[in-house]
Amino acid sequence: MNAVSFIVPVQEDIEEVEALMRAQAQNYHSDLDAALELLISAGGKRIRPALTLWVGRMLDAPHTELISLAAAIEMLHTATLVHDDLIDGSLLRRGMPTLNSRWSPGATVLTGDFVFARAAKLAADTNSVEVMGLFANTLTVIVDGEITQLLGDRCMANRDQYLRRIYAKTASLFETSARAAALLSQSPQSVSDTLGRFGYDIGMAFQIIDDILDFVSDPSTLGKPVGSDLRQGIITLPAMLYAQAHPTLLEAQALLTGECLEDEDQQNKLIDLIRASDAIQQSHAEAIQYVENALAELKSLPETPERHALEDLAHYIVDRKL
């Protein structure tokens, strides 16, 4: 599925969103302006604002407030990336240098804080108390998830923990992107709930695909070694499925008992085995199931061009190159 199918019709709105994001650093320190420009120009498919815009269009949300909401969503996402790259020590993202590869840790943290603050201001510009509350709660969920990942149990193949983690890390913001646009349009609660579930499902699928790509992508594109999560003691779905299927393998036993593999040779062996195994396709099948659940949610809504665009967006998420 080509991203063009759901991006092109909202491209002008996305350009308006990006312009509003750039404007957030005006009249502040010039280095903040330069940093924000670097972050925005790094690109990305703008999946979250596209989701927000299509839901808002489908439900006739007011244009100005919808643009503010989409910008707030993408600014929040951008801020989390700034902090994530610093925590992970990533020097590249989408093949471009990260902010922390150029700036000190202190300056990078403060820039992320600034972007969070401006995202909150944009959420307030929607003039919706419900949206502002949802935005604040989502930020809380994301930060709590990051703290849990950083300070919680490492190296344990636990499905419940994994699902909670990827909800906090990714799916919560997809859920908010769709639900907040429905709130902005003052749609019935049932519609807001339906679209929230749609956002949740495609967000879970999105993170599972990212976790697959951590094993199968080119490290020069990732900006970090293949299997970076596993090396850090973060057990994602492909590693979990492989360990469960090969419980007698020494390296797999370590994941099942929560023992960290500190030896690099053991890490490399396990990563190579996972890359060559059925665990990759099994993980992809789980992502596809989430997307099928998402598409089923949309069936209760009127068949419109906007709904078809949301369906295209959902398909694109699992069709990203593995």
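Here the structure is shown first, and the text comes after it.
These lines cover the structure that appears in this document, whether it is placed above or below. Note that this is a predicted model, so its numbers are computed, not measured.

Let's talk about the packing of helix 6 (residues 105–124) against helix 7 (residues 129–151)
Then, in step 1: Across the interface, helix 6 lies against helix 7 with an axial gap of 9 Å and an inter-helix angle of 155°. As judged from the angle between their axes, helix 6 and helix 7 are roughly antiparallel. Between helix 6 and helix 7 the crossing geometry is right-handed. Counting all contacts with helix 6, which are made through F116, A119, A120, A123 and A124, the residues of helix 7 involved are V131, M132, F135 and L139.
Then, in step 2: Across the contact of helix 6 with helix 7, the residue classes break down as nine nonpolar, no polar and no charged.

Quick word on the nonpolar core
Then, in step 1: Ranked by size, the top nonpolar core spans 100 residues in total, and within it F6, L51, L195, I202 and L230 carry the most contacts.
Then, in step 2: Considering every element that reaches this core, the biggest residue donor is helix 9 (residues 189–216), with 12 residues.
Then, in step 3: Apart from residues lying up to four places away in sequence, L51 is in contact with F174, S177, A178, F198, I202, L310 and L313.

What to know about the layout of surface pockets
Then, in step 1: Each pocket or cavity is described by its volume, and for the second largest pocket that value is around 340 Å³.
Then, in step 2: Along the wall of the second largest pocket there are 19 residues; nearest its centre are T148, Q149, D153, Q161 and R165.
Then, in step 3: If you list the elements that add at least two residues to the lining of the second largest pocket, you get helix 7 and helix 8 (159–184).
Then, in step 4: With five residues, the single largest contributor to the lining of the second largest pocket is helix 8.
Then, in step 5: Its residues assigned to classes, the lining of the second largest pocket comprises seven nonpolar, seven polar and five charged.

Looking at the pattern of salt bridges
Then, in step 1: Tallied over the entire structure, the rule returns 12 salt bridges.
Then, in step 2: The salt bridge partner of E251 is K269, with a shortest N-O separation of 3.7 Å. Of this pair, E251 sits in helix 13 (residues 250–257) while K269 sits in helix 14 (residues 264–275), placing them 18 residues apart in sequence.
Then, in step 3: Residue classification places E251 among the buried residues on the basis of a relative accessible area of 6%.
Then, in step 4: Ionic contacts of the salt-bridge type, sharing partners, join the residues E18, R46 and E74 into one network.

Conventions and cut-offs
- Residues numbered from 1 in each chain as written.
- Predicted model: local features only at pLDDT ≥ 70, side-chain atom pairs only at ≥ 80, totals over all residues.
- Heavy atoms only, no water.
- Axes fitted to C-alpha atoms, helices over the stretch in contact; angles between N-to-C directions.
- Helix = DSSP H or I, 4+ residues; strand = E, 2+ residues; numbered from the N terminus.
- Parallel < 35°, antiparallel > 145°, perpendicular 65-115°, else oblique.
- Left-handed = near helix turned anticlockwise from the far one by under 90°.
- Contact = heavy atoms within 4.5 Å.
- Nonpolar A, V, L, I, M, F, W, Y, C, P; charged D, E, K, R; others polar.
- Core = buried A, V, L, I, M, F, W, Y, C linked by side-chain atoms within 4.5 Å.
- Buried < 20%, exposed > 50% of the residue type's maximum accessible area, 1.4 Å probe, protein only.
- 1 Å grid on protein atoms, 1.4 Å probe; cavity = no way out; pocket = protein on both sides within 12 Å on 5 of 7 lines; lining within 4 Å.
- Points joined across faces, edges and corners; volume = space filled by probe spheres on them.
- Salt bridge = Lys/Arg side-chain N within 4 Å of Asp/Glu carboxyl O.

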